[in-house]
Every structure is written in structure tokens, then in C-alpha cells.
Amino acid sequence: MPLKLQVIICSTRPGRVGPAVARWFHEFARSHGGFDAELVDLADFNLPLYDEPVHPRMQQYAHDHTKRWSASVARADAYVFVTPEYNYSAPPSLVNALDYVYKEWNYKPCGFVGYGGVSGGLRATQSAKPQVTTLKMMPMMEGVAIPMVAKHLQENGEFASNELIDASATALLDELLRWATALKAMRA
């Protein structure tokens, strides 16, 4: 049974380009063959600002949105967060989603596909890495940075990659597969 990879669309704002980038990466991950890839959109969970009365470490969730999010996160072995950069950091939707659960993230690797302007989302991914480590996740050094993302959007709104971006995606997926396989014993 192949390991499960969730490709998570982190932006929830209207007019976002995250779904186009995430659809590309999801298809790229499927063709890579190392994972059973699933596309997940944070917007579908409609998570309010963290509202659980008990610390997530206890897994005593009071709200249906948290229970649905917990079940989604729990079924994956690895994650790729497809994230824009907001004001030199990760979007609040990603920070909030990470905070909602705890044990469901533990001992799983994660990677980032960042997009935006000139930095390609690098500052957002760097700001998220300390947070994921406190959730006992292993962030990959490899990642995908997409600078000037608007220039990669076709007339139909779909994302068009290039050789450099594809090479970065392959390196990220290869490394995620190594770590997901190695960390499986810790999740048993």
C-alpha cells in the first residue's frame, strides 16, 4: 500500500491562485509514483480562528469542523503545503490549520511549494518551518519556490511549470518519500 501524501492548498482568500498551483503539484506527485496523492483545500474546512476549548494534544474535539480536519490530517503520511507569502510570512489560514490538531501531525514529513512575487514564497515557508517542528513534523530542506507566479498562469488560469520548477518538485518528492518511509516506524 503506497504512502498517502496530502497536497494542501493553504490560501483561502477569494481570487487565490493556490488551487492552480496545487492542481499542478498534485498531478506531478501522482506521476512521480511514490505516493497516493490527495488534493486537500483548507477552504473546504471553513476553520474559524482556533476555537477548541481543550488543548489539541488531548484530541477531545468539540466542533465538527475540527473533527473533519483531524480525520483528514490523520489519514496522511506526508504533506506538501502549497502556500503564498503574506507580508513576509505564511498566511494565517495555514498557521491556524496547523494549530488545530497536534498528534495527527506527529512524526510525519512535510514540504512546501511556495509562490508569490520575487521571493517565490521562500519567506513564508521559512516562517512556517519552526511551527511544524513543534508539531513533531520533519520539514524538508528541499522545496519548490515559484517567483512571479502570475507569469506562470495560462489564459485559462492553469499553472504552467518549467524545467527548474519540475526539478525542484522531483527533489522534494524523492526526499519526502525517504522520510515518510523512515518515519513510518515511529508512527506505528
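Residues numbered from 1 in each chain as written. Predicted model: local features only at pLDDT ≥ 70, side-chain atom pairs only at ≥ 80, totals over all residues. Heavy atoms only, no water.

(A) Representation of unusual backbone geometry. Even without a glycine there, the phi angle at Tyr 107 is positive, about 60°. Tracing the backbone shows Tyr 107 in the loop between helix H3 (92-100) and strand E4 (109-115). One non-glycine residue, Lys 136, lies in the positive phi region at around 60°. Turning to its location among the elements, Lys 136 is positioned in the loop between helix H4 (122-134) and strand E5 (138-139). What makes Lys 136 partly exposed here is its relative accessible area of 38%. (Helix = DSSP H or I, 4+ residues; strand = E, 2+ residues; numbered from the N terminus. Buried < 20%, exposed > 50% of the residue type's maximum accessible area, 1.4 Å probe, protein only.)

(B) How the structure looks around helix H5 (residues 163-187). Taking 1.5 Å per residue as the helical rise, H5 with its 25 residues ought to reach 36 Å, and the 35 Å between its terminal C-alpha atoms agrees with that figure. At Thr 181, H5 is deflected by roughly 25°, the largest bend along its length. (Expected span 1.5 Å × (residues − 1). Bend = angle between axes of the 7 residues up to and from the residue.)

(C) Spatial organisation of the nonpolar core. Counting residues in hydrophobic clusters, the biggest one holds 29 residues, and the most contacted among them are Leu 5, Phe 25, Val 113 and Ile 146. At the level of secondary structure, the elements contributing two or more residues to this core comprise strand E1 (3-9), helix H1 (18-32), strand E2 (35-41), strand E3 (78-84), E4, strand E6 (144-146) and H5. Per-element tally for this core: the top contributor is H1, with seven residues. In contact with Ile 146, not counting residues within four places along its chain, are Val 21, Val 113, Gly 114, Tyr 115, Gly 116, Gly 117, Gly 120, His 152, Phe 159 and Ile 165. Counting 26 residues, the second largest nonpolar core, distinct from the first, contains Val 73, Ala 76, Ala 90 and Ala 128. (Core = buried A, V, L, I, M, F, W, Y, C linked by side-chain atoms within 4.5 Å. Contact = heavy atoms within 4.5 Å.)

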